[in-house]
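# Reading the structure
Single-letter residue listing:
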Amino acid sequence: MLDVRKPRIRARTVREAVASLELFEPGAGQRLRARVPDASWQIIQDTLPLDWVELEHDRHIVTGFVDVLGHDRAHLFFRGLLAQQLESSLLRSTVTTALRMFGATPGALARAFPIGFSTTYRDVGRVRAVPRGAGEAAIVFEAVAPEVLDTPAYPESFRGFFAGFFDVCRVEGEVESVNDFEGGRIEFSLRWAA
């Protein structure tokens, strides 16, 4: 029998994002809860923090963020998640090391992202950082799982998250994405004032 691993995310990451929603906009947590199927909500709540939740359940959360907040406010919410997640012991050492080695730039965070991604996600696809010179970098997702490609909120959440790199490094910048869903590829281009 073929053992096909389904794409997953750490339960802790999902629950921390849900808790952040209520801080971002009081009352939004209840509106989110109303949009998530009971079975998925229960799995997310019952899974041990460092264990894995299938994206089949998490996709309701990510989509719910966009539904509850609207596109523009959801982008701001996802952008702010980075600073909060940097406080998480799960990611802090990876990011601190990258910033120490490469300097406090969005490019350093882009280089560290694949390591943090593999700590947080499993079987979602391959992720790599591509330096592009002063003030530019790209983060490329390849062989992306259908669960991500079929849920438009996932690429949008990553675009917002990467915009948070600029806030952490205190620079102005922009993130653009090129989606090749048929090819299973998403490329995020980051440009900032170097």
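Preceding block: the structure.
Because the structure is a prediction, the values reported are computed rather than measured.

Rules used throughout
Residues numbered from 1 in each chain as written. Predicted model: local features only at pLDDT ≥ 70, side-chain atom pairs only at ≥ 80, totals over all residues. Heavy atoms only, no water. Helix = DSSP H or I, 4+ residues; strand = E, 2+ residues; numbered from the N terminus. Buried < 20%, exposed > 50% of the residue type's maximum accessible area, 1.4 Å probe, protein only. Contact = heavy atoms within 4.5 Å. Pairing = 2+ DSSP bridges. Salt bridge = Lys/Arg side-chain N within 4 Å of Asp/Glu carboxyl O. Axes fitted to C-alpha atoms, helices over the stretch in contact; angles between N-to-C directions. Parallel < 35°, antiparallel > 145°, perpendicular 65-115°, else oblique. Left-handed = near helix turned anticlockwise from the far one by under 90°. Expected span 1.5 Å × (residues − 1).

## Thoughts on the side chain of Glu25
Within the secondary structure, Glu25 sits in the loop between α1 (11-24) and α2 (28-35). On the basis of relative accessible area, Glu25 is assigned to the buried category, the value being 18%. Other than its neighbours up to four places away in sequence, Glu25 contacts Arg31, Leu69 and Arg73.

## What about the sheet that holds strand β2 (residues 52-54)?
The three strands lie next to each other as β2-β1-β3, forming an open sheet whose pairing is antiparallel. Taken across any chain shown, the strands that pair with only one partner, and hence form the sheet edges, are β2 and β3 (121-122). The pairing of strand β1 (residues 8-10) with β3 spans two bridges and is antiparallel. Note that in β3 the partner of Arg8 across the bridge is Arg122.

## A few points about the side chain of Arg159
Topologically, Arg159 is positioned in helix α9 (residues 153-169). Residues in contact with Arg159, not counting those within four places in the same chain, are His71, His75, Val175, Ser177 and Phe188.

## Section: the environment of Ala145
As for its placement among the helices and strands, Ala145 is situated in the loop between β5 (136-142) and α8 (146-149). The sequence separation of Ala145 and Arg126 amounts to 19 residues, and the corresponding C-alpha distance is 9.5 Å. For Ala145, the residues in contact, after removing those within four places along its chain, are Pro7, Asp123 and Val124.

## Some details on the pattern of salt bridges
Going through the model one piece at a time under the given rule, you end up with 15 salt bridges. Close ionic contact of Arg185 with Glu142 constitutes a salt bridge, the shortest N to O distance being 3.9 Å. Of this pair, Arg185 sits in strand β7 (residues 185-192) while Glu142 sits in strand β5; the two residues are 43 residues apart in sequence, bridging distant segments of the chain. Judged by its relative accessible area of 28%, Arg185 is partly exposed.

## Brief notes about the pairing of strand β4 (residues 126-131)
A regular strand places its side chains so that they alternate between the two faces of the sheet. Summarising the sheet, β4 and β5 pair through six bridges and their orientation is antiparallel. Following the sheet pairing, Val127 is matched in β5 by Phe141. Hairpin connection of β4 to β5: four residues between the antiparallel strands, including Gly133 at a positive phi of 105 degrees.

## What about the packing of helix α5 (residues 71-85) against α9?
α9 packs onto α5 with a crossing angle of 55 degrees between their chain directions and a minimal axis gap of 7 Å. On the basis of the axis angle, α5 is oblique to α9. Every pair of crossing elements has a handedness; the one defined by α5 and α9 is right-handed. Facing His71, His75, Phe78, Arg79, Leu81, Leu82, Ala83 and Gln85 of α5, the residues of α9 in contact are Glu156, Ser157, Arg159, Gly160, Phe161, Ala163, Gly164, Phe165, Phe166, Asp167 and Val168.

## As for unusual backbone geometry
One non-glycine residue, Asp123, lies in positive phi territory at about 55 degrees. Within the fold, Asp123 resides in the loop between β3 and β4. In this structure Asp123 comes out as partly exposed when scored by relative accessible area, which is 38%. Despite not being glycine, Ala143 shows a phi value in the positive range, around 50 degrees. With respect to the helices and strands, the residue Ala143 is situated in the loop between β5 and α8. Of the residues examined, Ala143 reaches a relative accessible area of 45% and is grouped as partly exposed.

## Structural notes on α1
The first and last C-alpha atoms of α1 sit 20 Å apart over 14 residues, in line with the 20 Å expected at 1.5 Å per residue. Taken as a whole, α1 has its buried residues at Ala11, Thr13, Val14, Ala17, Val18, Ser20 and Leu21.

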